Amino acid sequence: MTKFATRVENVSISGIREVFEAAGDEAINLGLGQPDFPTPAHARRAAVEAIESGQTDAYTSNKGTPQLREAIAAKYDRDYGIEVDPGNTIATSGGSEALHLALEAHVDPNQEVIFPDPGFVSYDALTRIAGGTPKPVSLRDDLTLDPAAVEDAITEETAAVIVNSPANPTGAVQSEADMREFARIADEHDVLCISDEVYEHIVFDGEHHSPLKFAETDNVVVVSACSKTYSMTGWRLGWLVGSGDRIERMLRVHQYVQACASAPAQFAAEAALTGPQEPVAEMVGSFEERRDVVVDGLEDAGLEVPTPSGAFYAMPKVPEGWCDEVLDRGVVVVPGEAFGSNGEGYARLSYATGMEELKEALEIIDNATAAVR
Ligand code: PLP
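Residues numbered from 1 in each chain as written. Predicted model: local features only at pLDDT ≥ 70, side-chain atom pairs only at ≥ 80, totals over all residues.

Brief notes about the site of the ligand
So the rule is basically this: A molecule or strand has a residue near it when that residue's C-beta atom, placed from backbone coordinates, lies within 6 Å of it. Under the DSSP-based scheme used, a helix requires at least four consecutive residues in state H or I and a strand at least two consecutive residues in state E, with every element numbered from the N terminus. Residue type decides the class: Asp, Glu, Lys and Arg count as charged, Ala, Val, Leu, Ile, Met, Phe, Trp, Tyr, Cys and Pro as nonpolar, and the leftover types, Gly among them, as polar.
Within the structure, the ligand sits among 13 residues, and Gly94, Gly95, Ser96, Ala225 and Ser227 are positioned closest to it. Looking at which element gives the most residues to the shell around the ligand, the answer is helix α5 (residues 94–106), with three residues. Across the shell around the ligand, the residue classes tally to three nonpolar, nine polar and one charged.

Below, the structure written as C-alpha cells:
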C-alpha cells in the first residue's frame, strides 16, 4: 500500500491551474502571474557568454557565485540604503525556494505561521510542508495587511509572520508606517518576519519599504527574486537576505535539497542586477498604464475595486457566479478563494497582458457583469 506523508496530504494542487485547464485556447488569459515582457537582452547575453565560455559547467558555491552575491548586497544599498553583507545572502531557485528555506529553517512542527488571506498560494502550502500550522489573517478593506490584526493573531506558538508588499493577489502596497510596525512586532514578540518582496520594483504609487530597514533585531528575512522585476520567471533565480545565523540554517536545507541555484541563471541575474535598469522602468510604466485602464474598466462595469498600487494584479469584489460567467465568455480570471477563504467574493485579474487584449477582456467583463447582476 502506498502511504504519503500527512503534511503533504494536507496540501492540494493550486486552484489556479484548474482555471487554466478549464479555459479554451482562444480565451484571453488574465490569470497569469508573470510579466509579458522579454528578459532584458544584457541578462540573456550574459548567460549565453557564461555558457559558451564554460563557466556554467560546474556547481557554483552553495550560496551562489561571489559576484552574484555582491550584486544582490549592492542592490540593497543602492535601492534602500540598507547595508547587506554579501555573505548574508543565498541565491535560490526562485523566490519559491527562498520561501521554502525560510519556513523549513524556522518552523517547528505545529508552530504557527501568520500570513495574509487572501494571500499568495504558497504561504499556506509551504507552511504545511514545513509541518507548521497556517494562521491566515484577513485584510483591511483596502486589501492591505493590518499590523494590529497580525499582532492580535500572535500566540506562544507563532514562529513567523509573512508580509508581502506589493502583494499577490491584491496589488496592495503596505505603507512605510505599516512596515515599521511589522518590524516592531517581529522585534517585540521575537517572531520571524519573512518579507516577500518579489514585486518590490513594480510600484506605481508611493515607494517600497522593507521591514529589514526598520528591525532592531535579526528577526527579518527578505525573500526576493529576478522573476518579476526582470521578467525572468523561467530562469528560476531568487535570493534570501538575513543574519549570518539565519542564513547558515537556511543554507543547511538549501545545500541538501538544491546544492546551488542554476549556474546560467546566476550569470543572467548578476547582469540583470548590475546592468541598465531602463527595461524595468519601461515595464513598470506599461503596467501602470494598464492598471489605470483596468481599474477604470472594472469601475465602469459597476465593480468595486481598491486601486492596486503595485504588482500587476487587480482584485475586484464580484457577484456570485461572476467568475464562471466571465470564463464562459472567454476570459480567464482566478476566483479569489484560490488565495484563501477570505478571497471568496473576489477575483484576481492579472494585467500582464497586451493593452488590446485587456480592452477586449474588459468589454467582455462589462457584459458578463451585467448578465449576472
Ligand atoms: N512570492 C509571490 C508573492 C509571488 O507571487 C511569487 C510568484 O508568483 C513568488 C513569491 C515566487 O516567485 P518565483 O517565481 O521567483 O519562485
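Next comes the rest of the account.
A look at the domain arrangement of the chain
Rules: Throughout the structure description, domain borders are defined by an automatic or database domain assignment. What counts as a contact is two residues whose backbone-derived C-beta atoms lie within 7 Å of each other.
Splitting the chain by domain gives domain 1 (6–39 + 278–372) and domain 2 (41–274). Counting residues at the interface gives 36 residues for domain 1, matched by 37 residues for domain 2. Those elements that place two or more of their residues in the side of domain 1 that touches domain 2 are α1 (6–9), α11 (278–300) and β9 (313–314). With six residues, the single largest contributor to the side of domain 1 that touches domain 2 is α11. In terms of residue class, the side of domain 1 that touches domain 2 is made up of 20 nonpolar, 12 polar and four charged.

Some words on unusual backbone geometry
The step from Asp117 to Pro118 runs through a cis peptide bond, and the omega angle for that step is 5°. Residue Pro169 is reached from Asn168 by a cis peptide bond, and omega for that bond is 15°. Relative to the assigned elements, Pro169 resides in the loop between β5 (158–164) and α8 (176–189). Its identity as a non-glycine residue notwithstanding, Leu143 has a phi of 70°, on the positive side.

Focus on the pairing of strand β2 (residues 89–92)
Operational definition: Counting other C-beta atoms within 10 Å of a residue's C-beta gives its exposure: the residue is buried at 20 or more, exposed at 12 or fewer, and partly exposed in between, where C-beta atoms are placed from the backbone. Criterion used throughout: strands pair if DSSP finds at least two bridges between them.
Side chains Thr89 and Ala91 project from β2 onto one buried face, and the interleaved Ile90 and Thr92 project onto a second face that is buried too. Relative to strand β8 (residues 238–241), β2 runs antiparallel, the two being bridged by four bridges. By the bridge assignment, Thr89 is partnered in β8 with Val241.

What about helix α10 (residues 263–274)?
The criterion, for reference: Helix span, as expected, comes to 1.5 Å for every residue beyond the first.
Helix length check: α10, at 12 residues, gives a terminal C-alpha distance of 17 Å against a target of 16 Å (1.5 Å per residue), a fit within 8%. Within α10 the residues assigned to the buried category are Ala263, Ala265, Gln266, Phe267, Ala268, Ala269, Glu270, Ala271, Ala272 and Leu273. Where α10 is buried, its residues touch α3 (41–52), α4 (66–80) and β2.

So, the UniProt feature "domain: Aminotransferase class I/classII large" (unreviewed entry) in the chain
Here is the rule we go by: UniProt positions are given in the numbering used here, feature names are shortened, and annotations may be inferred rather than shown by experiment.
In the numbering used here, UniProt assigns the "domain: Aminotransferase class I/classII large" (unreviewed entry) feature to residues 27–365. As annotated, residues 27–365 comprises 40% helix and 15% strand, and the C-alpha atoms at either end are separated by 13 Å.

Side note on the packing of α5 against helix α6 (residues 121–129)
Test applied: Fitting a line to C-alpha atoms yields each axis, with helices limited to the stretch in contact; the angle taken between N-to-C directions then spans 0 to 180 degrees. For classification purposes, angles smaller than 35 degrees are called roughly parallel, those larger than 145 roughly antiparallel, those between 65 and 115 roughly perpendicular, and all remaining angles oblique. Note on convention: near helix rotated counterclockwise from far helix by under a right angle means a left-handed crossing. Clockwise means right-handed.
At a minimum axis separation of 10 Å, α5 and α6 run at an interaxial angle of 40°. Considering their axes alone, α5 and α6 lie oblique with respect to each other. When you trace α5 past α6, the crossing you get is right-handed. Facing α5, whose interface residues are Ser96, Leu99, His100 and Leu103, α6 presents Ser122, Leu126 and Thr127. Looking at side-chain class alone, the contact of α5 with α6 contains three nonpolar, four polar and no charged residues.

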